[in-house]
Amino acid sequence: MGRRTTFNVVAGSSELNDEDIERLFSAIDLNKNGLIEKHELADSLRHLGLACGPEVVEALLARIDRNQDGVIHLEEFKQFIRLRAADIREAWCRLRHDELGGDRPLTSAEVRVAVERAGMKISDDQLRAFMALLDRNGDGTISLEEFKHGLMLVPDVNPVAVFDDFVDATPFDAGGSSYEMARDARRGQDSDTWPKVGVKLTAGGIAGAVSRTCTAPLDRLRSLLQAAPPGSRGCGFLQVARTVLLDGGVLAFFRGNGVNCAKIAPETAAKFFLFERFKQALAADPENVTLSERFVSGGCAGMAAQALIYPLEVVKTRMAVSRRGTYGGVWSCVRTIHASEGPVAFYKGLGPSLAGVMPYAAIDLATSSVLREAIRQTYQGAGREPEFSVLLSCGMVSSTLAMLCTYPLNLVRTRMQASGIPGVPVYSSPAACFQHTIRVDGFAGLYRGILPNMLKVLPATSIAVACYDKLSAHGLAALAADDAAGPGGRWCGSCSGPSAPGRKA
């Protein structure tokens, strides 16, 4: 009996018995050793058409694996399935808004009403994606059996949380752009989600620092090329790299990286908490923002956070483009700038920096949305899940296009920040810098330094994603294990019960 057929037998049973559960266990246990291992669990999720990323698999494994030995035994699996069946019935009742939870299938219109009653907003695309995932027979409705089929092996069956799986939030900054808008790392609507937020923000900060350090040489070369006076010769990629090497050896390529990494924590925290404030002020429902509200709130938070940490950006650029001996260190750089140019120097180039946030985010989100929809339809038609490399490429294409469109603003910003260093031109305004660059170097001069910036996109993104996935999966699995071992055993993140507080429904 095939794996999907076996699962449907279990999902369709009103009363689960040991024989049904054992058949499902055997279907998942591919190597027939009496244990379900992590890769087998991931493979089963993939065959069921569910999310099977490392974070999802780790969380689900931690909830089933009560003795925390890294594999699932039959008795652990039986206990989980019985508890999960009850949770699914409760979730069905809540969606039906009926104490008896009648078995009549849900239409898409009823799903929309149920979601809105639960305090959420759902777009047409999200509704179509949800229906496509659970409507196994294609009749346009979701039966109780299909509902069970879709939710038996997901980490959370809270009816509100069902839709969270269709929103991807990874709050890390690979350091590939200066124009990142704020992202909503808080996935739930109650205080129980804050530990997960802490895990994600910590993982994102560490991933960003690792990524920036690994690509610091390319970043410094980009800064030097951008800051070079218009019309200067000998400013090719290899010439500048040779100059840096002669100026201070290999370590010279990492000059300014300490400040670049140090600003990750305050910038990420500022974006996150300012996003919450802007949502309260701008969103009709702050707990459940629409795409347009998220875009505006995230862009405003990104600009505000950029303004707050901008002095660190100036210090980082000054250290990156200066020759050895210009500054004795970070504090020496700060004191020198303040003494010679005054406090206003710490905000040189802020205008083009803020001006780039909204267009960068708009181009990135629009391109990513189009690519993801095309990929989703292609792979859905083939009955399989997109490979990680495909999704990574999708993100890189969208961010690269956004970076190309906003790069002139980035160049002007860097030149304004470097203005004041000996040998670097002083500009009266961003407009004057822009006009001087066009007059001397032409339109191509606005893209000086684009090569190292392009070269660092792939490694920066890949390293950040890999680090974030590993760190967040480990941290969330630890949280899930704590939940499972808590009073009463928090197996499914259920939306009821004293030991499993859930989001409002």
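Here the structure is a predicted model, which means the values were calculated and not measured.

**Quick word on the overall build of the chain**
Tallying secondary structure elements over the chain gives 21 helices and two strands in all. In the chain, which comprises 505 residues, the proportion classed as buried is 50%. For the chain, the proportion of contacts with a sequence separation of at least 24, taken over those separated by at least 6, is 71%. By element, 61% of the accessible surface of the chain is carried by carbon and sulfur atoms, the whole surface being about 21900 Å².

**Re helix α13 (residues 264-282)**
Its 19 residues place the ends of α13 26 Å apart at the C-alpha level, agreeing with the 27 Å of an ideal helix rising 1.5 Å per residue. Of the positions making up α13, those classed as buried are Ile 264, Glu 267, Thr 268, Ala 270, Lys 271, Phe 272, Phe 275, Glu 276 and Lys 279.

**Digging into the packing of aromatic side chains**
Using the criterion set out here, one finds four aromatic pairs in the structure. Look at Phe 25 and Phe 77: their rings are 5.5 Å apart centre to centre, the planes differ by 65°, and that puts the pair in the edge-to-face class. Pair noted here: Phe 25 is in helix α2 (residues 18-28) and Phe 77 is in helix α5 (residues 74-96), with a separation of 52 residues, a long-range link. With respect to class, Phe 25 is no different from Phe 77; both count as buried. Residues Phe 443 and Tyr 447 carry aromatic rings whose centres are separated by 5.8 Å and whose planes lie at 50° to one another, so their mutual orientation is tilted. Judged by relative accessible area, which is 58%, Phe 443 ranks as exposed. Three or more aromatic residues link up through ring pairs in this structure, and these residues are Tyr 407, Phe 443 and Tyr 447.

**Notes on the confidence of the model for the chain**
Looking at the chain, the pLDDT average stands at 75 and 71% of residues meet or exceed 70. At the level of individual helices and strands, the chain shows its lowest average pLDDT in helix α1 (residues 3-11), which scores 45, and its highest in helix α19 (residues 430-441), which scores 92. Segment residues 157-172: pLDDT under 50, and 55 contacts once partners within four positions in sequence are set aside and those in other chains are kept. Counting interchain partners and residues more than four positions distant, the pLDDT-below-50 stretch residues 487-505 has 60 contacts.

**Some words on the environment of Ala 216**
Here Ala 216 shows up in helix α10 (residues 216-227). Separated by 40 residues in sequence, Ala 216 and Gly 256 place their C-alpha atoms 8.5 Å apart. Ignoring any residue separated from it by four or fewer positions in sequence, one finds Ala 216 in contact with Phe 253, Phe 254 and Asn 257.

Criteria and cut-off values
Residues numbered from 1 in each chain as written. Predicted model: local features only at pLDDT ≥ 70, side-chain atom pairs only at ≥ 80, totals over all residues. Heavy atoms only, no water. Helix = DSSP H or I, 4+ residues; strand = E, 2+ residues; numbered from the N terminus. Buried < 20%, exposed > 50% of the residue type's maximum accessible area, 1.4 Å probe, protein only. Contact = heavy atoms within 4.5 Å. Areas by Shrake-Rupley, 256 points an atom, 1.4 Å probe, with all protein chains shown as cover. Expected span 1.5 Å × (residues − 1). Phe/Tyr/Trp six-rings, centres within 6.5 Å; stacked < 30°, edge-to-face > 60°. pLDDT = per-residue confidence, 0-100.

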